[in-house]
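Residue strings, one per chain:
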Amino acid sequence: MSDGKKPDEAYYQLMTELQQLDFVLVELTLYLDTHPYDMQAVQQFNQFAQRRRQVAQAFESRYGPLLQFGHSYSRYPWDWSDTPWPWQV
Amino acid sequence: MGLVFVRLPPIRAAYPKLEQSCEEEGCALIPVNQIRTWRPFVGPFDPCPPITRKAYLVPPNLFIPYQPPNWPQFPPAEALKRGTLWPALYSPYESRMLEGRTQGP
């Protein structure tokens, strides 16, 4: 375990943005479950999914992986165990 | 039991913040009055001073069997804060548990 990057303001900004995008995606998912033919909503969902991916990528390139088991890349050296851990931020 | 009983709030004054924010953002869809009240039975031998009116919350989704498409939406930041993407489904909850108490539970 080595010291990772300390969470700065941008860390929380990106995290908040991720949280917001994730919430919109949850809402749209539930909505689309009952409205599968709503073209506009599907488009919006895909847009948000794309944005989420971009933000997650920006976050991971600065602060390390969000997911494990191949869903995120790791920098060298292996940085999964770096702080801050989720309950430390 | 899914009902949450709260102390009786003054109905119009229950959500002053909500009405304000509605004017600011110009959203016409936010429902204002989601609180209903009822008068519970008061027994003659009740050792405690009776609560003559109790209130419960009626969330808007109860009256929307099928959500129409293309509803106006909150921006993502506000959606996260309010717990819904659509203003028409927004239901505020403010705890009144400790209202009128000066100390302790």
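Trainee: How should the interface of chain A and chain B be read in this particular structure?
Mentor: A common way to state how big an interface is: give the accessible area lost once the parts meet. Residue-level contacts link 11 residues of chain A with 9 residues of chain B. Elements with a minimum of two residues in the side of chain A that touches chain B: α1 (9–34) and α2 (39–63) of chain A. Sort the elements by how many residues they give to the side of chain A that touches chain B and α1 of chain A lands first, with 7 residues.

Trainee: Got a minute to help me understand the packing of α1 of chain A against α2 of chain A in this structure?
Mentor: How two helices pack is summed up by the angle between their axes together with the distance between the axes. All names here are of chain A. Axis separation between α1 and α2 bottoms out at 9 Å; the angle between their running directions is 155°. Between α1 and α2, the angle falls in the class roughly antiparallel. Note on packing geometry: the crossing formed by α1 with α2 is left-handed. When grouped by side-chain class, the residues that make up the contact of α1 with α2 number 19 nonpolar, 1 polar and 4 charged.

Trainee: How do you make sense of the confidence of the model for chain B when you look at a structure like this?
Mentor: Predicted coordinates in regions of low pLDDT should not be interpreted in detail. Residues and elements named next belong to chain B. This prediction gives chain B a mean pLDDT of 72; 60% of its residues lie at or above 70. Per-element averaging of pLDDT across chain B places helix α1 (residues 16–25) at the bottom with 42 and helix α2 (residues 76–82) at the top with 94. Here residues 1–31 is modelled with pLDDT under 50, and outside its nearest four sequence neighbours on either side it reaches 37 contacts, counting other chains as well. In the predicted complex, the global pTM is 0.72; the interface-specific ipTM is 0.80.

Trainee: What should I look at first to understand α1 of chain A in this one?
Mentor: Within an α-helix, residues lying three or four positions from one another point in the same direction, as the helix has 3.6 residues per turn. In a regular helix each residue adds 1.5 Å, so 26 residues correspond to 38 Å; α1 of chain A covers 39 Å between its end C-alpha atoms and thus fits that length. Along α1 of chain A, the residues that are buried comprise Q20, L21, F23, V24, E27 and L28 of chain A.

Trainee: Honestly, α2 of chain A in this entry has me stumped. Any pointers?
Mentor: Taking 1.5 Å as the rise per residue, α2 of chain A with 25 residues should run 36 Å; its terminal C-alpha atoms sit 36 Å apart, in good agreement. The complete set of buried residues in α2 of chain A reads A56, F59 and Y63 of chain A.

Conventions adopted
- Residues numbered from 1 in each chain as written.
- Chains lettered and ligands numbered in written order.
- Predicted model: local features only at pLDDT ≥ 70, side-chain atom pairs only at ≥ 80, totals over all residues.
- Contact = placed C-beta atoms within 7 Å.
- Helix = DSSP H or I, 4+ residues; strand = E, 2+ residues; numbered from the N terminus.
- Axes fitted to C-alpha atoms, helices over the stretch in contact; angles between N-to-C directions.
- Parallel < 35°, antiparallel > 145°, perpendicular 65-115°, else oblique.
- Left-handed = near helix turned anticlockwise from the far one by under 90°.
- Nonpolar A, V, L, I, M, F, W, Y, C, P; charged D, E, K, R; others polar.
- pLDDT = per-residue confidence, 0-100.
- Expected span 1.5 Å × (residues − 1).
- Buried ≥ 20, exposed ≤ 12 C-beta atoms within 10 Å, placed from the backbone.

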